[in-house]
Amino acid sequence: MRYRKLKAAKIFNGVEFLDENQVLIVTENGIVEKITSQADAGDDVELLDGILTPGFINCHCHIELSHMKDVIPPYTGLVDFLLAVIKNRSTEAEQIEESIAAAEEEMYANGIVGVADICNTPYAIAVKKQSSLRWHNLVEVINLHDSNLEKQLAHYNAVLDQYQSLPGNSVLTPHAPYTVSAATYKAINAATANQIISIHNQETEAEAELFQKGTGNFLKLYAQFGSHQSPFAVSSTSSLQTYLPYFTNGQTVLLVHNTFITEDDILFAKEHAEKHGLTLVYCLCPNANKYIENAMPPVELLMKHDCHIVLGTDSYSSNWQLNIASEIKTLLTAFPKLSLEAVLKWATYNGAVAMQWHDMLGSFEKGKKPGVVVLDEKKFTSQRIV
Ligand SMILES: [Zn+2]
């Protein structure tokens, strides 16, 4: 068996930084053998510039929107952003497929080893079939009216069937609180027992106004679908507290964005999850929040309540790159008290645990094959080396 002995300024093992002068030893294929002192590592140690870290888990992406790079200008706010996606997303299949292939290569090269990916169409199947990344395919359900449920579910189940030909899990998932009706939640809850699902949660302030008053910017979105009012009953509470109770089936729920989540919502969610055996994961996509709303999620509040935090890139329709190192940079810039060690854990071990991939990914432990990445902590560039 041939081994590679890797040494850098620092080693992050998925959970914490190790003492100096440690050497990571992996097989040629990237299976972790051990971490040992330089004195015991022997000859042929490769010296690398930067931090050695396990590969990154991207817990929220839409790879099939990769052709939308630089199409929608930043800072439009969510509703105008969504209208622009609807208007601009369709183009020739060849261009969509080429962009998906380029995005997969980009993610591989910058150290992403697993992706929770939103799927609306079968476009990404060909690339995922060849990919050495690990994928969790979330077939996104949008259905505003209970009366359309049967027809819409037939459509989404047909897309799901195609994804289920791939290795890894594929599952139905709700899109967002403002696009899913009550009967639709119930159907998704029934279809996803003990699965990992996601929902775009509280990405804009307008979401609260929609649920509490039935007014605001979202009416522009519904007008696009020919309706002049909210399809949902006005509720006395937030979007999260309205929809989360529909989930009672042991799911892991990736709450994505959380830009406008409140402390009350976090406490409510915790209590509901405990009662119904849900696992809640808070996925932050800071560059997309910057791009769309020019806002940041309440990171300190999530940390105060010991929320399980992970990171995602979201898509090229709302990001300048698909690169977890860049998400880390944005968080550390916006929250100077955050430590690189904490955020690296979100990007690696926490993501792997959330996606139930920690048997192989997320940390440097003997027998795992997590990918080995070098992170430049000044430039926040990253490169996969094994
Ligand atoms: Zn998204």
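Note that the structure is a prediction, hence the values are computed from the model and not measured.

1. Some thoughts on the sheet that holds strand β1 (residues 3–7)
Turning to step 1, where the next piece is worked out: As summarised here, the arrangement of the four strands in space is β4-β3-β1-β5, forming an open sheet in which the pairing is mixed. Bordering the open sheet on either side are β4 (32–37) and β5 (45–47), each of which pairs with just one other strand. Pairs of neighbouring strands in the sheet enclose a mean axial angle of 30°, with direction left out of account.
Turning to step 2, where the next piece is worked out: Pairing of strand β3 (residues 22–27) with β4, which is carried by five bridges, proceeds in the antiparallel orientation.

2. What to know about the pairing of strand β12 (residues 252–257)
Turning to step 1, where the next piece is worked out: Counting buried residues along β12, six of its six residues qualify, which places the element largely inside the surrounding structure.
Turning to step 2, where the next piece is worked out: Looking at chain direction, strand β11 (residues 196–201) and β12 are connected through six bridges and run parallel. In the sheet register, I199 faces β12, and the bridge partner there is L255.
Turning to step 3, where the next piece is worked out: The sheet contact formed by β12 and strand β13 (residues 279–284) spans five bridges and is parallel. Residue pairing across strands places T252 opposite T279, the latter belonging to β13.
Turning to step 4, where the next piece is worked out: What joins β12 to β13 is helix α10 (residues 263–276), and the crossover it makes is right-handed.

3. Here we look at the packing of helix α13 (residues 324–334) against helix α14 (residues 340–354)
Turning to step 1, where the next piece is worked out: Contact geometry for α13 and α14: axes closest at 10 Å, N-to-C directions at 140°. Pair α13 / α14 crosses with right-handed handedness. Taken together, the residues of α14 that come into contact with α13 (itself represented by I324, I328, L331 and L332) are L340, V343 and A347.
Turning to step 2, where the next piece is worked out: Partitioned by chemical class, the residues of the contact of α13 with α14 number seven nonpolar, no polar and no charged.

4. Focus on the domain arrangement of the chain
Turning to step 1, where the next piece is worked out: Taken as a whole, the chain is organised into domain 1 (1–54 + 362–386) and domain 2 (56–361).
Turning to step 2, where the next piece is worked out: Computed over C-alpha atoms only, the centres of domain 1 and domain 2 are separated by 31 Å.
Turning to step 3, where the next piece is worked out: The partner domain 2 presents 25 residues to the 21 residues of domain 1 that form the contact.
Turning to step 4, where the next piece is worked out: Among the elements that make up the side of domain 1 that touches domain 2, the one with the highest residue count is strand β16 (residues 381–384) (four residues).
Turning to step 5, where the next piece is worked out: For the side of domain 1 that touches domain 2, the residue count by class is eight nonpolar, eight polar and five charged.

5. Some thoughts on the nonpolar core
Turning to step 1, where the next piece is worked out: Formed by 108 residues in total, the largest nonpolar core has its most connected members in I57, L254 and C283.
Turning to step 2, where the next piece is worked out: The dominant element in this core, judged by the number of residues it contributes, is α14, at eight residues.
Turning to step 3, where the next piece is worked out: Lining this core are residues from two domains, each supplying at least three of them: domain 1 (1–54 + 362–386) and domain 2 (56–361).
Turning to step 4, where the next piece is worked out: If sequence neighbours within four positions are ignored, L254 has contacts with C59, H60, A116, I196, S198, V281, C283 and A354.

6. A closer look at unusual backbone geometry
Turning to step 1, where the next piece is worked out: Positive phi outside glycine occurs at Y75, with the angle close to 65°.
Turning to step 2, where the next piece is worked out: Mapped onto the elements of the fold, Y75 is located in the loop between β7 (56–61) and α2 (78–88).
Turning to step 3, where the next piece is worked out: With phi around 50°, Q202 is a residue other than glycine that occupies positive phi space.
Turning to step 4, where the next piece is worked out: For Q202, a count of 23 C-beta atoms within 10 Å puts it in the buried group.

7. Thoughts on the sheet that holds β12
Turning to step 1, where the next piece is worked out: Taking strand neighbours across the sheet as the criterion, the four strands line up as β11-β12-β13-β14 in an open arrangement whose pairing is parallel. Each edge of the sheet is formed by a strand with only one pairing partner; in this case those strands are β11 and β14 (309–311). Direction aside, neighbouring strands of the sheet carry axes that sit 30° apart on average.

8. Overview of the pairing of β1
Turning to step 1, where the next piece is worked out: Relative to β3, β1 runs antiparallel, the two sharing four bridges. Along β3, the bridge assignment pairs Y3 with T27.
Turning to step 2, where the next piece is worked out: Judged from the three bridges that link them, β1 and β5 form a sheet pairing that is parallel. Within β5, the residue paired with K7 across the bridge is L47.

9. Things to note about the environment of A334
Turning to step 1, where the next piece is worked out: Position of A334 relative to the elements: it lies in helix α13.
Turning to step 2, where the next piece is worked out: Sequence-wise, A334 and V299 are 35 residues apart; in three dimensions their C-alpha atoms are separated by 9.8 Å.
Turning to step 3, where the next piece is worked out: For A334, the residues in contact, after removing those within four places along its chain, are P286 and M296.

10. Side note on the packing of helix α11 (residues 286–293) against α13
Turning to step 1, where the next piece is worked out: Across the interface, α11 lies against α13 with an axial gap of 8 Å and an inter-helix angle of 70°. Our classification of the angle between α11 and α13 gives roughly perpendicular. Where α11 abuts α13, its residues P286, N287 and K290 lie against S326, E327, T330, L331 and A334.
Turning to step 2, where the next piece is worked out: In the contact of α11 with α13, the residues fall into three nonpolar, three polar and two charged.

Each value, and the rule that gives it
Residues numbered from 1 in each chain as written. Predicted model: local features only at pLDDT ≥ 70, side-chain atom pairs only at ≥ 80, totals over all residues. Pairing = 2+ DSSP bridges. Helix = DSSP H or I, 4+ residues; strand = E, 2+ residues; numbered from the N terminus. Axes fitted to C-alpha atoms, helices over the stretch in contact; angles between N-to-C directions. Buried ≥ 20, exposed ≤ 12 C-beta atoms within 10 Å, placed from the backbone. Right-handed = clockwise from strand over helix to strand, strands pointing away. Left-handed = near helix turned anticlockwise from the far one by under 90°. Contact = placed C-beta atoms within 7 Å. Nonpolar A, V, L, I, M, F, W, Y, C, P; charged D, E, K, R; others polar. Domains from an automatic or database assignment. Core = buried A, V, L, I, M, F, W, Y, C linked by C-beta atoms within 7 Å. Parallel < 35°, antiparallel > 145°, perpendicular 65-115°, else oblique.

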